[in-house]
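Take a look at the letters that make up each chain.
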Amino acid sequence: MALNIIVCVKSVVLEAPSAALGSSVERTPRNSVLNPFDRPALALALELAKEEGGLVTTLSMGPPVSCWALCETLALGADRAVLISDKKAAGSDTMATTRVLAKAVNWLGPWDILLFGSRTADSDTGQVGPQASALLNKPFVGMASSIIPKEGIFLVESLTDGFVEQYLANAPFAASVHPNAASVLDCALASIRQAFDSDRVEVLTLADIGMDEAFAGEKGSPTRVISMTPAPKAKKCAFIEGGANEQAQALLEKIRDAGLLF
Amino acid sequence: MEPFFSEKHHAVKRLVRAFCEREIAPIAKDIDAQARFPWEVVDKMGPLGFFGIQVPSSLGGAQMDTVSYAIVVEELSRVCAGLGLAVSVHNSVCVYPLLTFGNDEQRQRLVPPLARGEKIGAFCLTEPNAGSDASAIEATAIDQGDHYLVNANKVFVTNGAVADTCLMFVRTDPAAGRKGISVLVAQRGTPGFITGELEDLSGMRCNPVSSIRLVDCAIPKENLLGRQGMGLAIGLTALDTGRLGIAAQAVGIAQAALEEAVRYANQRRQFGVLIGKHQAVGSMIADMATQVEAARLLVLRASWLKDNGAPFTKESAMAKLFASETASIVADMAVQIHGGYGFSKSYPVERYYRDARVTRIYEGTSEIHRMVIARCVSG
Ligand SMILES: Cc1cc2nc3c(=O)[nH]c(=O)nc-3n(C[C@H](O)[C@H](O)[C@H](O)COP(=O)(O)OP(=O)(O)OC[C@H]3O[C@@H](n4cnc5c(N)ncnc54)[C@H](O)[C@@H]3O)c2cc1C
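In this convention, every chain numbers its residues from 1, walking through the sequence in written order. Chains carry letters from A onward and ligands carry numbers from 1 onward, assigned in written order. The predicted origin of the model limits local features to residues at a pLDDT of at least 70 and limits the giving and counting of side-chain atom pairs to 80 or more, whereas totals for whole chains, interfaces and linings rest on all residues. Heavy atoms throughout the structure, all of them, feed into the side-chain values; hydrogens and water do not.

Undergrad: Any chance you could explain the overall build of chain B here in plain terms?
TA: Secondary structure assignment for chain B yields 10 helices and 10 strands. A compact globule built from 379 residues would reach a C-alpha radius of gyration of about 21 Å, and chain B, at 21 Å, matches this within 12%. In terms of overall dimensions, chain B has C-alpha extents of about 80 × 40 × 40 Å along its principal axes. Only protein chains enter the calculation, and the probe is 1.4 Å; a residue is then buried if its accessible area is under 20% of its type maximum, exposed if over 50%, and partly exposed in between. Expressed as a percentage of the 379 residues in chain B, the buried residues total 57%. Elements are defined by DSSP. Helices are runs of H or I of four residues or more, strands are runs of E of two residues or more, and each kind is numbered from the N terminus. Based on C-alpha atoms, the radius of gyration is set beside the globule rule, defined as 2.2 Å times the residue count to the power 0.38.

Undergrad: In this structure, what is going on with the interface of chain A and chain B? I would like to understand it.
TA: The extent of an interface is frequently quoted as the accessible surface area lost upon association of the parts. Taken together, the contacts link 24 residues of chain A with 26 residues of chain B. Buried surface at the junction of chain A and chain B, both sides included, amounts to about 2,200 Å², of which 58% is carbon and sulfur. Buried area is understood as the total, over both parts, of accessible area removed when two parts are fitted together, assessed with a 1.4 Å probe. Summed over the three residues of chain A that lose the most area to chain B, namely Arg-30, Leu-189 and Arg-193 of chain A, the buried surface amounts to 30% of that side. Salt bridges, as used here, are contacts in which a Lys or Arg side-chain nitrogen is within 4 Å of a carboxyl oxygen on Asp or Glu. In this assembly, chain A and chain B are joined by four salt bridges. A salt bridge links Arg-22 of chain B to Asp-186 of chain A; the shortest N-O distance between them is 2.7 Å. Whenever two N or O atoms come within 3.5 Å, that pair is a polar contact, provided that in protein one can donate a hydrogen and the other can accept it, and provided that, for residues adjacent in sequence, both atoms are side-chain atoms. Here chain A and chain B share eight residue pairs in polar contact (both at pLDDT 80 or more) between them. Ranked by the residues each element gives to the side of chain A that touches chain B, the list is headed by helix H5 (residues 189–196) of chain A, at five residues. Its residues assigned to classes, the side of chain A that touches chain B shows 13 nonpolar, three polar and eight charged. Pairs of residues are marked as contacts when any of their non-hydrogen atoms sit within 4.5 Å. Under the scheme applied, nonpolar residues are Ala, Val, Leu, Ile, Met, Phe, Trp, Tyr, Cys and Pro; charged residues are Asp, Glu, Lys and Arg; polar residues are all the others, including Gly.

Undergrad: Before we go on, may I ask you to explain the site of the ligand in this structure?
TA: All names here are of chain B. In the vicinity of the ligand, 17 residues are found, and the nearest of them are Thr-126, Ser-132, Phe-156, Thr-365 and Glu-367. Between a nitrogen atom of the ligand and a main-chain N or O atom of Phe-123, the distance comes to 2.7 Å. In this structure, a nitrogen atom belonging to the ligand sits 2.7 Å away from a side-chain N or O atom of Thr-158. Only the protein chains shown count as cover for residues, with accessible areas throughout obtained via the Shrake-Rupley method and a probe of 1.4 Å. In the complex, 64% of the free accessible area of the ligand, which totals 970 Å², lies under the protein chains. Mapped by element, the contributors of at least two residues to the shell around the ligand are strand E3 (147–157) and helix H10 (366–378). Tallying contributions element by element places H10 first for the shell around the ligand, with three residues. One heavy atom suffices: a residue is near a molecule or strand as soon as one of its heavy atoms comes within 4 Å of it.

Undergrad: So what exactly am I meant to see when it comes to the confidence of the model for chain B here?
TA: When pLDDT drops low, the exact placement of atoms in the prediction is not to be read closely. pLDDT gives the predictor's per-residue confidence on a scale running from 0 to 100. Averaged over all residues, the pLDDT of chain B is 97; the fraction at 70 or higher stands at 100%. This prediction of the complex comes with two scores: 0.91 for pTM and 0.94 for ipTM.

Undergrad: So what exactly am I meant to see when it comes to the packing of aromatic side chains here?
TA: For any two aromatic rings, the description comes down to two numbers: the centre-to-centre distance and the angle of the planes. Each pair of aromatic rings taken from Phe, Tyr and Trp, with Trp reduced to its six-membered ring, is defined by centres within 6.5 Å and is described as stacked if the planes are under 30 degrees apart, edge-to-face if over 60, and tilted in the remaining cases. With the rule as written, the count across this model stands at eight aromatic pairs over all chains. Aromatic pair Trp-68 of chain A and Phe-196 of chain A: ring centres 6.0 Å apart, planes at 0°, arrangement stacked. With a gap of 128 residues between them, Trp-68 of chain A in helix H2 (residues 66–76) and Phe-196 of chain A in helix H5 connect regions that are remote in the sequence. Here Trp-68 of chain A falls in the partly exposed class, since its relative accessible area comes to 30%. By the ring-pair criterion, three or more aromatic residues cluster together here, those being Tyr-264, Tyr-341 and Tyr-347 of chain B. Working rule: Lys NZ or Arg CZ, within 6 Å of ring centre, within 35 degrees of ring normal, means a charge sits over the ring. The residue whose ring lies beneath Lys-221 of chain B is Tyr-148 of chain B, and the NZ or CZ to ring-centre distance is 5.3 Å.

Undergrad: Even after reading the chapter, I still don't get the packing of H2 of chain A against H5 of chain A, so can you show me in this structure?
TA: If you want to describe how two helices pack, look at the angle between their axes and the distance between the axes. Residues and elements named next belong to chain A. Under this scheme, a helix contributes an axis fitted over its contacting stretch, all axes are lines through C-alpha atoms, and angles between N-to-C directions fall in the 0 to 180 degree range. Packing of H2 against H5 brings their axes to within 8 Å, and their N-to-C directions diverge by 135°. Our classification of the angle between H2 and H5 gives oblique. In the packing of H2 onto H5, the handedness of the crossing is right-handed. On the side of H2, the interface is formed by Trp-68, Cys-71, Glu-72, Leu-74 and Ala-75, while H5 contributes Ser-191, Ile-192, Ala-195 and Phe-196. A per-class count over the contact of H2 with H5 returns seven nonpolar, one polar and one charged. In these notes the angle categories are as follows: under 35 degrees is roughly parallel, over 145 is roughly antiparallel, 65 to 115 is roughly perpendicular, and the rest is oblique. Handedness of a helix crossing follows the sense of rotation of the near helix relative to the far helix, less than a right angle counterclockwise being left-handed and clockwise being right-handed.

Undergrad: Just to check I follow, could you spell out the confidence of the model for chain A for this structure?
TA: Looking at chain A, pLDDT values average 90 and 96% of them are 70 or higher. Averaged over each element, pLDDT in chain A is lowest for helix H6 (residues 244–257) of chain A (88) and highest for strand E5 (residues 80–84) of chain A (98).

Now the structure itself:
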């Protein structure tokens, strides 16, 4: 059964935003990378497509710089990469982002499995996946750790709250993928060349996918960030110094002092 | 925008670094201590294209540019210089001359298994009485019609104990002096091909550097690279590119030493403050960072010139000279910043210090490189 798998990915900013609200970090290829939490989702999709046959499409909404993160997904093995990039989508909150992605998913055509990373490294809401499945009116499994095709349906295992849960899901369904779900992805040098020397990332505007701009961008976002301050840290970090043996001894003493070991 | 570096190059750096951190960094200390060639990692490097970095895809390679090659060698050497050496020598002084001087039949026959990492390559020039003076080699190859009968004693062969395909510099015409040297491809398994003991090296210990002897070894004529008498020209061309690899290797070692020094300076306290806050330590770190950056730029520029078809002999010699001396100085300062711990095997800077030293010696010593540069500059 040839599967059509879509993986939503994001280009995230490496730098922490400055505390001043509204002082957004300028996005450059240097400070932007493929969201690390999206890698397991892509890895799981590629494994499934390899075993079952099918195509993996990566989809992103973001500024033009996101193109490089999508190039990386092509280098890692995705068959197609689509970027929705439009000034009118700038400032989208999670709801507006979800609307654009859901529209793009429908624009891409019939699909079997829609995957998301569990969260992003630069905003950490974890909302886009579940919201998208709701908008698309499709079932959703959170924190999937494996997806196994079983006679036309899929056995999805998820890791939540210390439990392994098993679901049966009919395609099409959506899932967010647990960070430890899939094996790491290595990338051959030739694949990097093929992905980066070509013009294979398809860049589309809101109009291209038939998206009403009133529901995207800052205007179409129902929420606003009104303040942002660093959260106080309750834990303190201390370095243990010395050679390896000394460090091990000192660590042991600290654990003993804390009453965790007798 | 950065000079010489495209988004592709950043991706190469990021993805190769991820592989190195995951697969090599955890074993780097042990393979150095055990002087063990880590086949388990090398077998994974093959399918990723590390052994055919600049080989055309039609011959099984990754078809990357020289800048990418420099990045791969730097990143490998940042975690394990001995593996960086293996990849540099294999690609630049074995595969590259085969591609450049081999005929079609030789390229088709010899290059694909090397490019896929199924076979490992070596470069056999140095002999007990011929080091910097390559023209002094004594290995002989006597024309026997369809083959040469070869007797050679090659020392300090990088990858020696594991190499299958060796470029062997031999004297085919004893009367012709420098013009009498040729390159033959010797294959492991040929009767008379003998691997000697491993060198008990100070650094690069995971690389199985050994001697290789050929004793009455029959090498077929179809394994003559280029024409008879072209040996030194082939060697010099190979070393032009080889220098870039060694320079990139030196940058990798220096980068690792810098990172460890910064890490340590930010955690060790003396006189009530982090040692990095002491001006003397901060100055060392500033010098280290500046020199690493300068060395890397020299390597990238020379690589970029090569990619753009411009002459690069002077630039690659400068890159090798400066980067190797930088690696030694930076590793030395990293040890200094670690104090007594820097002299202990508990910390990796001790290994970097040992590894850095030889980059000033092989593929042309610093003194020989100064001669090459002086000749280029003064004419
Ligand atoms: C780990 C390792 C790996 C190696 N791998 C390989 C390999 O794969 N293949 C290979 O063929 N060789 C290899 N070598 C050998 C290496 O290339 C030689 O050691 C190097 O070229 C120097 O030769 P030498 O050791 O004979 O020193 P010598 O040539 O004897 O030099 C001794 C000293 O004299 C100086 N000197 C010599 N001639 C001059 C001159 N004209 N002017 C000024 N100073 C001069 C040198 O700079 C040096 O300081 C390797 C060596 C090592 C240590």
